[in-house]
Amino acid sequence: MTPSSLSTRLTLFALLSATTFYFLYKSRRRCLKPLKHLPLNPNPRPGKLFFLSQTGTSKALAQRLLDLLSSKNNIPFDLVDPQTYEPEDLPKESLIIIIASTWEDGNPPQNSKFFVNWLAEISTDFRAGNLLLSDCKFAVFGVGSRLYGYTFNAVARDLGKRLRGLGATEMVPVGEGDVDGGELESVFEGWSEKVVTVLKGGLVMENENGIVYESDVESLESDDDDDGEGGGEDIVDLEDIAGKGPSRKKSVNVAETNGKLDGKREMVTPVIRANLEKQGYKIIGSHSGVKICRWTKSQLRGRGGCYKHSFYGIESHRCMEATPSLACANKCVFCWRHHTNPVGKSWQWKMDDPLEIVNTAIDLHTKMIKQTKGVPGVTQERLMEGLSPRHCALSLVGEPIMYPEINALVDELHRRRISTFLVTNAQFPEKIKMLKPVTQLYVSVDAATKDNLKAIDRPLFGDFWERFIDSLKALKEKHQRTVYRLTLVKGWNTEDVEAYSKLFVLGKPDFVEIKGVTYCGSSATSKLTMENVPWHSDVRAFSEALALKSEGEYEVACEHAHSCCVLLAKTEKFKVNGQWHTWIDYEKFHDLVASGRPFDSEDYMALTPSWAVYGAEEGGFDPDQSRYKKERHHKSKR
């Protein structure tokens, strides 16, 4: 064979290979099957739109979809609560849409357990077969939190699998909404539009990975044909094909998109900001907040301070309530923010400078104090004192100890001789260990058993109980004042006196605060009512029983009847010569911090006034304040 003939054959082979490659590439089209219609079923029976909802989110989304279907597109659907529906009627349905929340451990909400269990059982029953729902078309949208890992939207995924297994036709792939990802609304809106497109007889194509919609075809075509360099024409010169293959879209630097810096998003999204500001919070930077407390306003008017005034001697009108982290690792049933704040298991957001946070917090706080000028009872003296905060309660919302620069922030507050009361939710034991001395360190002990803690706090961490126990143990190593904070929820955790007492040995706290839950109104995220709020007499009885279980290690020291709160204190440390010393010498504390020398909680304790001691006639109300009782005029019944 001559060199020229060999060269000719190689050239022809290259051209044929390139041609074959090109046509294979053009015909790939993601293995799309021919276009087809999924028309409305001629059956006049309205479709069924089910909501599997625990807190109301899925129900609200279902109501929105119902409006989109029925009112705006004239597609008849009935909104159905699954607990009122007989699952055996499913074979009669021609159209089913399900909006499904995933609850604890990947389980369905309470209102849908029977419905979901029936589907699971019938789908594995050989007598039902895989054609039971062959005349039915369906769509499922899941509502969950990606932070819960593998259980994310487990209910929705399982429902889709069960319905397909029973022969139902899936109109659109299962939608997956993330309530903590900030994109639930947009994801649901996009999914809903595709549902409407299909129900109105829109064109769809199927592929091996799911379904592609008419609205997506154009972008799919352009993705396949675009060479990444401004091309996109269907006709390509054969000589230009060699060496080219399907192009990829250029990667985008996350730091260049959506205002995110260094690939990290801002904690406070516009929706979260709007919700919190509506509740009176002042947002600082991208992840912090401050809010004026009602007790601050109360003591400004000379109408009494909060329980921390009675127990520890803070000046409520000089107290600033703030947090460097609006995010939390729990979704407690009694959260008074109604879960409008973000959640997370680790710091994954932009981070603001601690000095800037402190400066802005004080600035915003003092502006709110100034707004009380002229309010009845606010004297010039108290107003001027209020403009110079001396205390900071790092317990406003979220989990302050998550903030990576929490020690620098605490240092800055102490440098200004502002005391620090920091509350942590007992899910970050390592953070507790590394925390510098604060004036008083709290750990929330919302339940005494694993099952109850899970039910009440609804933690994100799978190993929440181990973290809880380790957090209590870490508290024992601290030399400054430490507190277990118990929130009693009637019907949830008020019967666990014995179990609570066993936790004392783990952390050896200086104090135990026992407070009745505060009812913050009804919301979609909490089913608590006034029936769950204990009376002060209930809190007293629980506290006395708990003190008795400690066999003298703790005694009931103080109470604040107005807050429905009681304080247990370690007897041998804080009861000196028969008198309680639960108050704090704040000036001495700051001197001790400034000295740099080690010190203990006993080094800055102060005498508790008689009116704050448990059993006093005043019930913890400062006699120097004026008790104010609002007159209520009720119309007489006739």
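Check the entry above for the structure.
Remember, it's a predicted structure, so these values are computed and weren't measured experimentally.

Undergrad: Can you walk me through the overall build of the chain in this structure?
TA: Across its full length, the chain holds 19 helices and 23 strands. As presented, the chain carries roughly 31600 Å² of accessible surface, and 51% of it is formed by carbon and sulfur atoms.

Undergrad: What am I meant to see in the environment of Lys 161 here?
TA: Along the chain, Lys 161 falls in helix 4 (residues 154-165). Note on Lys 161: relative accessible area 53%, which makes it exposed. Measuring from C-alpha to C-alpha, the distance between Lys 161 and Val 174 comes to 9.6 Å, with 13 residues separating the pair along the chain.

Undergrad: Before we go on, may I ask you to explain the nonpolar core in this structure?
TA: For soluble globular proteins, nonpolar side chains are generally found buried alongside one another. Formed by 81 residues in total, the largest nonpolar core has its most connected members in Tyr 484 and Leu 503. In this structure, Leu 503 is in contact with Val 445, Ala 447, Ala 448, Phe 468, Ile 469, Leu 472 and Tyr 484, ignoring residues within four places of it in sequence. The next biggest cluster of nonpolar side chains, apart from the first, holds 26 residues, and it includes Tyr 307, Cys 558, Cys 565 and Tyr 604.

Undergrad: What is the right way to read the pairing of strand 18 (residues 554-560) from this model?
TA: For a regular strand, side-chain orientation follows a simple rule: the groups alternate between the two sheet faces. Buried residues dominate strand 18, accounting for six of its seven residues. The turn joining strand 18 and strand 19 (residues 565-570), which pair antiparallel and follow one another in sequence, is formed by four residues; a positive phi near 55° is taken by Cys 564.

Undergrad: Would you mind showing me how to read the sheet that holds strand 18 here?
TA: Strand pairing in a sheet relies on backbone hydrogen bonds, with the paired strands running either antiparallel or parallel. Reading across from one edge, 10-11-12-13-14-15-16-17-19-18 is the order of the 10 strands in this open sheet, with mixed pairing throughout. Two strands close off the open sheet at either side, each with one partner strand: strand 10 (282-284) and strand 18. Neighbour-to-neighbour, the strand axes of this sheet turn through a mean angle of 25°, independent of strand direction. The strands that helix 10 (residues 354-370) touches are strand 10, strand 11 (288-291) and strand 12 (319-323); relative to strand 10, the one it contacts most, it runs at about 160°.

Undergrad: Please explain the packing of aromatic side chains as it appears in this structure.
TA: Ring pairs (aromatic) are described by centroid distance and by the angle formed between their planes. The tally for this structure, following the rule as stated, stands at 23 aromatic pairs. An angle of 65° between the planes, with centres 5.9 Å apart, marks the rings of Tyr 312 and Phe 511 as edge-to-face. Placement of Tyr 312 in helix 9 (residues 307-312) and of Phe 511 in strand 17 (residues 511-516) is noted, with a sequence separation of 199 residues between them. Just as Tyr 312 is buried, Phe 511 falls in that class too. Geometrically, the ring pair formed by Tyr 484 and Phe 504 is edge-to-face, given 6.1 Å between the ring centres and 65° between the ring planes. In this pair, Tyr 484 is assigned in strand 16 (residues 481-488) and Phe 504 in helix 16 (residues 497-507), connecting sequence segments 20 residues apart.

Undergrad: Hey, could you run me through helix 5 (residues 184-199) in this one?
TA: Three or four residues apart is the spacing at which side chains of an α-helix point the same way, because the helix has 3.6 residues per turn. Between the first and last C-alpha of helix 5 there are 22 Å, a value that for 16 residues agrees with the 22 Å anticipated at 1.5 Å per step. Buried within helix 5 we find Leu 184, Phe 188, Trp 191, Ser 192, Val 195, Val 196, Val 198 and Leu 199. For helix 5, the angular spread of buried residues about the axis comes to 160°, placing them on one side. Positive phi appears at Gly 201, one or two residues downstream of helix 5, with a value of about 90°.

Undergrad: Please clarify how the environment of Val 268 should be interpreted in this entry.
TA: By the element assignment, Val 268 lies in the loop between helix 6 (214-225) and helix 7 (270-278). With sequence-adjacent residues up to four places away left out, Val 268 is seen in contact with Arg 273, Ile 283, Ser 286, His 287 and Leu 326.

Undergrad: What am I meant to see in the packing of helix 14 (residues 450-457) against helix 15 (residues 464-476) here?
TA: Two quantities define a packed helix pair, namely the angle between the helix axes and the distance between the axes. Relative orientation of the contacting elements helix 14 and helix 15 amounts to 100°, with a least axis distance of 10 Å. Comparing their axes, helix 15 and helix 14 come out roughly perpendicular. Between helix 14 and helix 15, the residues in contact are Lys 450, Leu 453 and Lys 454 and Phe 464, Trp 465 and Phe 468, respectively. By residue class, the composition of the contact of helix 14 with helix 15 is four nonpolar, no polar and two charged.

Undergrad: Can you walk me through the pairing of strand 17 in this structure?
TA: Counting buried residues along strand 17, five of its six residues qualify, which places the element largely inside the surrounding structure. Sheet analysis places strand 16 next to strand 17, joined by six bridges and oriented parallel. Looking at strand 17, one finds that Arg 485 is bridged to Glu 513. In this structure, strand 17 lies alongside strand 19, joined through five bridges in antiparallel fashion. Among the inter-strand pairings, Lys 515 is bridged to a residue of strand 19, identified as Cys 565.

Undergrad: Would you explain the environment of Pro 389 in this entry?
TA: Mapped onto the elements of the fold, Pro 389 is located in the loop between helix 11 (380-386) and strand 13 (391-394). A relative accessible area of 6% means that Pro 389 is categorised as buried. Between the C-alpha atoms of Pro 389 and Arg 416, which are 27 residues apart in sequence, the distance is 9.5 Å. Setting aside anything within four residues of it in sequence, one finds Pro 389 in contact with Arg 318, Met 320, Ile 362, His 365, Thr 366 and Ile 418.

Undergrad: Explain the pattern of salt bridges to me, please; I cannot follow it from the model alone.
TA: Per the stated rule, a full pass over the model turns up 26 salt bridges. With its nearest N and O atoms 2.9 Å apart, the salt bridge here joins Arg 157 to Glu 176. Pair noted here: Arg 157 is in helix 4 and Glu 176 is in strand 7 (residues 175-178), with a separation of 19 residues, a long-range link. Judged by relative accessible area, which is 39%, Arg 157 ranks as partly exposed. According to the relative accessible area criterion, Glu 176 is partly exposed, its value standing at 27%. With a closest N to O distance of 2.9 Å, Glu 587 and Arg 417 form a salt bridge. Here Arg 417 lies in the loop between helix 12 (406-415) and strand 14 (419-424) and Glu 587 lies in helix 19 (residues 586-595), a separation of 170 residues in the sequence.

Undergrad: Looking at this model, I keep getting lost on the side chain of Ser 501. Mind explaining?
TA: Among the structural elements, Ser 501 can be located in helix 16. Of the residues examined, Ser 501 reaches a relative accessible area of 14% and is grouped as buried. The contact partners of Ser 501, leaving out residues within four places of it in the chain, are Leu 546 and Lys 549.

Undergrad: Before we go on, may I ask you to explain the packing of helix 16 against helix 17 (residues 536-549) in this structure?
TA: Where helix 16 meets helix 17, the axes come as close as 9 Å, and the angle between the chain directions of the two elements is 50°. Relative to helix 17, the element helix 16 lies oblique. Two packed elements cross with a definite hand, and for helix 16 against helix 17 that hand is right-handed. Of the residues in helix 17, those in contact with Val 497, Glu 498, Tyr 500, Ser 501 and Phe 504 of helix 16 are Phe 542, Ala 545, Leu 546 and Lys 549. Residue composition of the contact of helix 16 with helix 17, by class: six nonpolar, one polar and two charged.

Undergrad: Sorry, what's going on with the side chain of Gln 299 here?
TA: Here Gln 299 lies in helix 8 (residues 294-300). Judged by its relative accessible area of 5%, Gln 299 falls in the buried class. Not counting residues up to four positions away in its chain, the partners in contact with Gln 299 are Gly 304, Gly 305, His 309, Glu 315, Ser 316, His 317, Arg 382 and Gln 625.

Cut-offs used in this document
- Residues numbered from 1 in each chain as written.
- Predicted model: local features only at pLDDT ≥ 70, side-chain atom pairs only at ≥ 80, totals over all residues.
- Heavy atoms only, no water.
- Helix = DSSP H or I, 4+ residues; strand = E, 2+ residues; numbered from the N terminus.
- Areas by Shrake-Rupley, 256 points an atom, 1.4 Å probe, with all protein chains shown as cover.
- Buried < 20%, exposed > 50% of the residue type's maximum accessible area, 1.4 Å probe, protein only.
- Core = buried A, V, L, I, M, F, W, Y, C linked by side-chain atoms within 4.5 Å.
- Contact = heavy atoms within 4.5 Å.
- Pairing = 2+ DSSP bridges.
- Axes fitted to C-alpha atoms, helices over the stretch in contact; angles between N-to-C directions.
- Phe/Tyr/Trp six-rings, centres within 6.5 Å; stacked < 30°, edge-to-face > 60°.
- Expected span 1.5 Å × (residues − 1).
- Arc of directions from axis to C-beta.
- Parallel < 35°, antiparallel > 145°, perpendicular 65-115°, else oblique.
- Nonpolar A, V, L, I, M, F, W, Y, C, P; charged D, E, K, R; others polar.
- Salt bridge = Lys/Arg side-chain N within 4 Å of Asp/Glu carboxyl O.
- Left-handed = near helix turned anticlockwise from the far one by under 90°.

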